[in-house]
Amino acid sequence: METTVLKKIWLSPPHMGENEEAYVKEAFDSNWIAPLGPNVQYFESAIENFIGNDVHVACLSSGTAAIHLGLQLLGVGHGDEVICQSFTFAATVNPITYLGASPILIDSERETWNLSPSLVEKAIKERLAVGKKPKAIVAVHLYGMPYQIEEIHSIARKYEIPVLEDSAEALGSSYKGIRCGGFGDIGVLSFNGNKIITTSGGGAILCRYQSTKEKAVFLATQARDNAPHYQHSHIGYNYRMSNVLAGIGRGQMEVLEERVNARRSNFQYYKEQLSSISGISFLEEPDGIYSNRWLTCVLTPSFKIRETLRQALENENIESRPLWKPMHLQPVFDKTIAYVNGVSEELFQKGLCLPSGSSLQEDDLERICNIVKSVLK
Ligand SMILES: *Cc1c(COP(=O)(O)O)cnc(C)c1O
């Protein structure tokens, strides 16, 4: 019997534009293979111009590295506590532990799926009452949906706690016309392979002040003092982005808005095709919020149906993925203090990320929707 292999549809594959290869070739032609060089500078200014709000950008080897350096620049150290969103990818939380600090995990609210402002405030009050003032708040724009910016930042101001804004999934999203990445005391971007734009691997730290950027670059390049020999007064890291990869990023910035539009159209297509099915729902944009719709997520009626749907897609060579498993449910964080309300656990049980790449074609989307319809009919 002949079997035909259906074309694989990935969750969120890389999508190169016109010029990435030329910029990488430029790096080769000029032998700017080693770290730093013109592509890094062009990439950084392109991000600065895009985000606006006077941010100062340093490109790094990953988003995780940016979170690690960012927390350190906000003064997080051994024995400190850091308020952190529980419903996220592990890379948001892990760097807190690299510094010898402990996360205080906070559940989500239903409107944006991000940090619950009331739980954040409750946690701060209770930690203050035992003499432990949290050193920082790590807030995430999950799946590209901005968190409750005004509420979270007003709590942060009230208690004078800095915010690290994990914008790894939200390049191109905005709140009241201000782009994500520009809200925190430190912002973070990721250019990992599945993000809205990619350098194969990479990230960036977004700083309010040029002096903070300079400190980030200093720490990211082994903390070399100003001397002809190798002289060190601080512990440093090897976290800078190479000029070759920055060439890819420079090209990707030229197509970023197209990529955002394509992902938003995917969302629209899914919503038009699927929202009439009873039991299926989508995360809507609250007033003033513009999401890059990095991944389109659907909520199904139950864990069982979600799994049936995921399997049915897999059988047809289509990659989908359950929503992030909250950090407070991860074995590695089972002894961590957590403020929980059941929201992220329910989202994890019932939610599925559908293929959302910017290179998806209409017949791909149709194929996916037909499977969803047949499972949920
Ligand atoms: C991808 C991601 C990161 C980490 O970025 P890397 O570049 O993969 O290290 C951090 N936080 C969130 C929410 C992410 O999705």
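Rules used throughout
Residues numbered from 1 in each chain as written. Predicted model: local features only at pLDDT ≥ 70, side-chain atom pairs only at ≥ 80, totals over all residues. Heavy atoms only, no water. Core = buried A, V, L, I, M, F, W, Y, C linked by side-chain atoms within 4.5 Å. Buried < 20%, exposed > 50% of the residue type's maximum accessible area, 1.4 Å probe, protein only. Domains from an automatic or database assignment. Contact = heavy atoms within 4.5 Å. Buried area = accessible area lost by both parts, 1.4 Å probe. Salt bridge = Lys/Arg side-chain N within 4 Å of Asp/Glu carboxyl O. Polar contact = N/O pair within 3.5 Å; in protein donor to acceptor, adjacent residues only side chain to side chain. Helix = DSSP H or I, 4+ residues; strand = E, 2+ residues; numbered from the N terminus. Near = heavy atom within 4 Å. Nonpolar A, V, L, I, M, F, W, Y, C, P; charged D, E, K, R; others polar. Arc of directions from axis to C-beta. Pairing = 2+ DSSP bridges.

Chemist: Any details on the nonpolar core? Residues and values, ideally.
Modeler: One finds Ile 47 and Tyr 143 to be the most contacted residues of the largest nonpolar core, which totals 59 residues. Counting only domains with at least three residues in this core, you end up with domain 1 (20–253) and domain 2 (256–376). Discounting residues that sit within four places of it in the chain, Ile 47 has contacts with Val 57, Cys 59, Leu 189, Phe 191, Ala 204 and Met 253. Ranked by size, the runner-up nonpolar core spans 31 residues in total, among them Leu 69, Leu 71, Val 93 and Ile 186.

Chemist: I'd love a proper account of the domain arrangement of the protein, names of residues and values included.
Modeler: Here the domain parsing of the protein yields domain 1 (20–253) and domain 2 (256–376). One C-alpha centre belongs to domain 1, the other to domain 2; they are set 25 Å apart. Buried area between domain 1 and domain 2, summed over both chains or domains, comes out near 3900 Å², and the portion from carbon and sulfur atoms is 64%. For domain 1, the biggest contributors to the area lost against domain 2 are Trp 113, Tyr 143 and Ile 196; these three give 21% of the whole. If you look at where domain 1 meets domain 2, you find two salt bridges. Residue Arg 179 is joined to Glu 257 by a salt bridge in which the shortest nitrogen-to-oxygen separation is 3.9 Å. Linking domain 1 with domain 2 are 23 residue pairs in polar contact (both at pLDDT 80 or more). Of all the elements in the fold, those that place two or more residues in the side of domain 1 that touches domain 2 are helix H4 (90–98), strand S3 (102–106), helix H5 (117–129), strand S6 (174–175) and helix H8 (243–254).

Chemist: Explain the site of the ligand residue by residue, including any values.
Modeler: Near the ligand you find 16 residues, and of these Thr 64, Asp 166, Glu 169, Ser 190 and Lys 195 are the closest. Take the shell around the ligand: its biggest share by element is three residues, from helix H3 (residues 63–73). Here the shell around the ligand is composed, by residue class, of five nonpolar, eight polar and three charged.

Chemist: Just give me the short version of the environment of Arg 240, but keep the residues and values in it.
Modeler: With respect to the element layout, Arg 240 can be found in the loop between helix H7 (210–220) and H8. A residue is classified by how much of its surface remains accessible, and Arg 240, at 13% relative accessible area, is buried. Arg 240 sits 18 residues away from Gln 222 along the chain, and the two C-alpha atoms are 9.5 Å apart. Excluding anything up to four places from it in sequence, Arg 240 contacts Leu 36, Val 40, Glu 44, Ala 58, Cys 59, Leu 60, Ser 61, Val 217, Ala 220 and Thr 221. Polar contacts involving the side chain of Arg 240 include one to the side chain of Glu 44, which spans 2.8 Å.

Chemist: Provide a residue-level description of helix H1 (residues 20–29), including the pertinent values.
Modeler: Glu 20, Tyr 23, Val 24 and Ala 27 are the residues of H1 that are buried. Buried residues of H1, viewed axially, fall in a sector of 100°; they line one side. For H1, the exposed residues lying more than 90 degrees away from the buried face are Glu 21, Phe 28 and Asp 29. Asn 31 sits one or two residues past H1 and shows a positive phi near 60°.

Chemist: Could you give me a rundown of the sheet that holds strand S11 (residues 289–290), with the residues and numbers involved?
Modeler: In space, the three strands of this open sheet follow the order S7-S6-S11, with antiparallel pairing throughout. Of all the strands in the sheet, the pair left with one neighbour each is strand S7 (178–179) and S11. Where S6 meets S11, two bridges bridge the pair, whose relative direction is antiparallel. Pairing of Ser 174 across the sheet is with Tyr 290, part of S11.

Chemist: Would you mind going over unusual backbone geometry in detail, with residue names and values included?
Modeler: If you check the backbone angles, Asn 31 has positive phi at about 60° while not being a glycine. Summarising the element assignment, Asn 31 is placed in the loop between H1 and helix H2 (38–51). The phi dihedral of Glu 160 falls on the positive side, at around 50°, and the residue is not glycine. Along the polypeptide, Glu 160 turns up in the loop between helix H6 (149–158) and strand S5 (163–166).

Chemist: Give me the lowdown on the pattern of salt bridges, citing residues and values where you can.
Modeler: Applying the stated criterion across every chain yields a total of 21 salt bridges. Ionic pairing is found between Lys 135 and Asp 80, a salt bridge with its closest N-O pair at 3.9 Å. Within this pair, whereas Lys 135 is found in the loop between H5 and strand S4 (136–140), its partner Asp 80 is found in the loop between H3 and strand S2 (81–85), the two being separated by 55 residues in sequence. In this structure, the salt-bridge partner of Glu 346 is Arg 110, at a minimum N-O distance of 3.0 Å. Separated by 236 residues along the polypeptide, Glu 346 in helix H11 (residues 343–350) and Arg 110 in the loop between S3 and H5 bring together distant segments of the chain. Residues participating in the shared-partner salt-bridge network are Arg 306, Glu 307, Arg 310 and Glu 314.

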